[in-house]
Amino acid sequence: MAASLKRRNGLVDFFYWIWDGFERTIFIGTKFSFPARFVSPFGFLGMLTFVTFIILGISGALLMFYYEPILDRAWDSVAKINNTVPFGFMIRNIHYHASNAMVLLAVLHMYYQYFSGRYKIRNELIWFTGVILGTVTILEAFTGYDIIFSERAELAFSIAASLTNSIPVAGPTIRDAMFGSGFADFVLRFYTQHVFVLPIVMLGLMAVHMPRFLVFDVPMVMAISGAIFITGGVFPVDLGSKFQPTVPPGITVPEWYLTGIYAFLRTQYDKFVTGVAWPAMFIIALALTPFIDRYKKFSWKDRPIITAFGITGIAQVMVTTYWGFYISPDTTKALVARLVIDPIFFYLVMLLLVPIGFGFSYMMIKLAKEAERKAKIAASKGPHKVAQINLSGKWINWLIIALLAFQVFLNIAAYNAALSGMKNFSLFLVGLILMVFAGMFHLYRHGLSEAKKVPTPPPQATTEIPKPIGTSTDATTKLLGKENLSSVPATNTVPAPEIKTVNLENIREPTVGTSDLKKP
C-alpha cells in the first residue's frame, strides 16, 4: 500500500515544478503549509474566508458579462441571468451564498481569535486590520445585493442614504459621493464600489492582515465549496419583486448581518445614534481589545472578564438580529405600526441583558475552570489510554474505491439533472461531489500518514537466571571474582539458539518428514 500511495506521475511532477517556480516571485514571502493530517478548521478560518473571496471573484466576474448597471435594466438583467443564461442560475446562487458564507466565516474567525487570545503574540496590527476588513466585507456584501434594485434593495438603499445623511458636517458630502446626487445613478455608483473600489481596499487590507505562514487544507477547502453549492441547491435565492415607484412596497427586511441595525432603527430613535454611533462604538471596542486585555494567559478560561464581555456582545447581537427579522403577524394593523418596535421595551431588554449576560457568563467560566482543575487531578491518577480509530491499509483502499465509484455516480446524476433543467438538484449534486472529493482526499491523506508509521515491534520474552539459594549478590561476586563476573550472561538476556543444518539425504527414518523439520 505504501508504494501505491507514494507514486508520482508526470502531472504531479509538473505541478511541483510550477510550485517551485513561485520561489522567485512575491510568494516567497508567504509560506503555504499543506498539512499531512486533519487540522481543526478553527485554526485557519481566515484562509477559508479568503477562499470564499476567490469564489466570489470568479463567480462575480462571470455575472458581469450579463449584468447591466442601469437603473431601469438592473433587475431585468439579473432575471435574464437567472432564467435564460446557461448556468446563470447556478452562478448567481453560488455568488449569493458565497457572500453570506464569507461574512459568516469572517465573524467566526474574528471571535475565534478573540476567545483564543491570538492577538497577544504581537498580532495587534493583524487584529486591527482584521476588524476593519470585516467591516469592509459587510459593506461589500451590502452593495452587492443592492445593485439588483428590487424592493428589498430599495429599502436598504433608502436606510443607508438616510443614515449617511445623519452624520454631522460630513454626512451630506459622503452621501453624494457614495449614492449620487440623484436617485438615477446610485446603481452605477454601487456597482463601481462593489466590483472595484471595495475589492481593492480588501486586497490591500489582506496584504497587511494575512500572516506569513498560511495553512491550506485541501479537503476543508473542497468541503466549504461543497457546502456553498449544497446551500444554493437547497435554498435557491429569490429575485424578489422589482421596485416600481407607483406600487406600494411590501414588508421586507435586509440581510441577516444588517437586521441588528434595522431593529435599532425600527425603534424610531435618533438615526445617527442608533444606526451610526452605536455600531461604530462596537467596532472601536473590538479594535481596541488587544490594548484593553492585560491578562498574561491566552485561554478563554484564564481571561474571565474579556470572555464574559465577548459572550455578552454575542448575546446582544443575536437578540437584535432576531428582533430585526420579527414583524407583527397582525395584518389588521397598518404597515408602519407592524414595523415599529416599542423603544422602552427594546432598550430595557438590551440594558438588562448586559449585567445578566456578563454575570452568568463569568460564573460559568469560573465553574469551567474549576472543573478543568478537577479533571487534571483525576487524569493524573487514572489511566492515560486514548481511544483511537485506526483503519488498516485494506479498508482504506476499499473506502477510497467506494468513494470514487460514488463520485462517478454523482457526476453522471448531476449531468442528467442539468440536462433535464433541474437546476436546484444539479447544484445540490455538484456540492455533494465536492464533499465526497473532500472525504476521499482526507482518506487518502490518512492512508499516507498510516503508511509512514513504523510498526511497533512485538515484546520480547525475557528470562532471569535464578540465584543460588542462600547466596546474595555480594556473595556471588566474591565467589566468582570480579575478573570472572563479566563472563556471566546478563539476567535479562537470552542467548540465541544455535541453528543446525540438517541434510535430508542422511535421514533414513521413514517416519520423519519435512513437516517435522519445520516444527520448533
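Residues numbered from 1 in each chain as written. Predicted model: local features only at pLDDT ≥ 70, side-chain atom pairs only at ≥ 80, totals over all residues. Heavy atoms only, no water.

Account for helix α10 (residues 218-234), naming residues and giving values.
Here α10 is 17 residues long and its end C-alpha atoms lie 24 Å apart, about the 24 Å a rise of 1.5 Å per residue gives. Burial analysis of α10 places 13 of its 17 residues in the buried class, which makes it a mostly covered element. (Helix = DSSP H or I, 4+ residues; strand = E, 2+ residues; numbered from the N terminus. Expected span 1.5 Å × (residues − 1). Buried < 20%, exposed > 50% of the residue type's maximum accessible area, 1.4 Å probe, protein only.)

Outline the side chain of Ser59, supporting the account with residue identities and numerical values.
Relative to the helices and strands, Ser59 is located in helix α3 (residues 45-64). Exposure remark for Ser59: the relative accessible area of 6% places this residue in the buried category. When residues no more than four places from it in sequence are discounted, the contact partners of Ser59 are Ile91 and His95. (Contact = heavy atoms within 4.5 Å.)

Lay out the pattern of salt bridges in plain terms, naming residues and giving numbers.
Taken as a whole and judged by the stated rule, the model has 11 salt bridges. The closest approach of N and O atoms between Lys242 and Asp76, which form a salt bridge, is 3.2 Å. With Lys242 in the loop between α10 and α11 (259-265) and Asp76 in helix α4 (residues 74-83), the pair connects residues that are 166 residues apart, well separated along the chain. Judged by relative accessible area, Lys242 falls into the partly exposed class, the value being 29%. Taking relative accessible area as the criterion, Asp76 reaches 37% and is therefore assigned partly exposed. The partner of Asp293 in a salt bridge is Lys120, and the shortest N-O contact between them spans 3.4 Å. Of this pair, Asp293 sits in the loop between α13 (289-292) and α14 (304-325) while Lys120 sits in the loop between α5 (88-116) and α6 (124-146); the two residues are 173 residues apart in sequence, bridging distant segments of the chain. Bridged by salt links that share partners, the residues Lys301, Asp302, Lys369 and Glu372 form one connected network. (Salt bridge = Lys/Arg side-chain N within 4 Å of Asp/Glu carboxyl O.)

Give a description of the packing of aromatic side chains that names residues and reports values.
To describe a pair of aromatic rings, one takes the distance between the centres and the angle between the planes. Taken as a whole, this structure holds 28 aromatic pairs when the rule is applied. Relative to Phe243, the ring of Phe149 has its centre 5.3 Å away and its plane inclined at 70°; by these criteria the two rings are edge-to-face. Within this pair, whereas Phe149 is found in the loop between α6 and α7 (151-165), its partner Phe243 is found in the loop between α10 and α11, the two being separated by 94 residues in sequence. Judged on exposure class, the residue Phe149 and its partner Phe243 are both buried. With a centroid separation of 6.1 Å and 65° between ring planes, the pair formed by Tyr269 and Tyr347 is classed as edge-to-face. (Phe/Tyr/Trp six-rings, centres within 6.5 Å; stacked < 30°, edge-to-face > 60°.)

Quick rundown of the side chain of Glu255? Include the residues and the values.
Following the sequence through the fold, Glu255 ends up in the loop between α10 and α11. Engagement of the side chain of Glu255 in a polar contact is seen with the side chain of Arg152, the distance being 3.2 Å. Among all residues touching Glu255, those that are not within four sequence positions of it are Tyr96, Asn100, Tyr145 and Arg152. (Polar contact = N/O pair within 3.5 Å; in protein donor to acceptor, adjacent residues only side chain to side chain.)

With reference to specific residues and values, describe a nonpolar patch on the surface.
Nonpolar side chains collect at one region of the surface, where Met64, Val195, Phe196, Val197, Ile200, Val201 and Leu203 lie side by side and expose about 580 Å² of accessible area between them. With six residues, helix α9 (residues 186-209) is the largest single contributor of residues to the nonpolar patch. By the element assignment, Met64 lies in helix α3. Take Met64: its relative accessible area is 41%, and that puts it in the partly exposed class. (Patch = residues over 30% accessible without salt bridge, like charges linked within 9 Å, V, L, I, M, F, W, Y side chains within 5 Å. Areas by Shrake-Rupley, 256 points an atom, 1.4 Å probe, with all protein chains shown as cover.)

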